Amino acid sequence: MLSPLLTIEVDRLDAGSARLRLAGELDFDTAPELVEAAAELRRDGHQELWLDFTGVTLCDSSGLSALVVIHRSGTGAVHVTDLNPQVRQLLDRTGLAELLPAPPRVAPGDAREVG
């Protein structure tokens, strides 16, 4: 059962990848839930994981540790997306941004129409 402090929604994108949409607090109490959700997906054959941090309001050292565990426990890439500025700064300062590359944020004025 998931803690009310963190919700994890899973989208199986294709045979090899899946997205986990997180909302709430990723901390000491909830980090094991994320690790288990990722492990379950990998057991089902989804090696490439996309972690969507859109709804994450807090991430502490246990949350960062969970990201390292997820990265090390599989053979596919782990991507983090839609990081808030605080979490992005944590990844940058700890060096995890190099391990778990996040796409650059596009400023509203930088968006261009293509096609």
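Here, every reference points to the structure presented above.
Residues numbered from 1 in each chain as written. Predicted model: local features only at pLDDT ≥ 70, side-chain atom pairs only at ≥ 80, totals over all residues. Heavy atoms only, no water.

Our focus in this paragraph is the pattern of salt bridges. According to the stated counting rule, one finds five salt bridges in the structure shown. One salt bridge connects D11 with R19, and the closest N-O pair in it is separated by 3.4 Å. With its nearest N and O atoms 2.8 Å apart, the salt bridge here joins R43 to E36. For R43, a relative accessible area of 57% corresponds to the exposed category. Through salt bridges with shared partners, one network takes in E9, D11, R19 and R21. (Salt bridge = Lys/Arg side-chain N within 4 Å of Asp/Glu carboxyl O. Buried < 20%, exposed > 50% of the residue type's maximum accessible area, 1.4 Å probe, protein only.)

Moving on, we get to helix α2 (residues 61-72). For α2, which comprises 12 residues, the first-to-last C-alpha distance of 17 Å matches the rise-based estimate of 16 Å (1.5 Å per residue) to within 8%. Here α2 has its buried residues at S62, G63, L64, A66, L67, V68 and I70. Looking at the buried side of α2, the elements it contacts are β2 (17-26), α1 (31-43), β3 (48-59), β4 (78-81), α3 (85-94) and α4 (96-99). One side-chain oxygen at the N-terminal end of α2 lies 2.9 Å from the backbone nitrogen of S62; it belongs to D60. (Helix = DSSP H or I, 4+ residues; strand = E, 2+ residues; numbered from the N terminus. Expected span 1.5 Å × (residues − 1). Contact = heavy atoms within 4.5 Å. Polar contact = N/O pair within 3.5 Å; in protein donor to acceptor, adjacent residues only side chain to side chain.)

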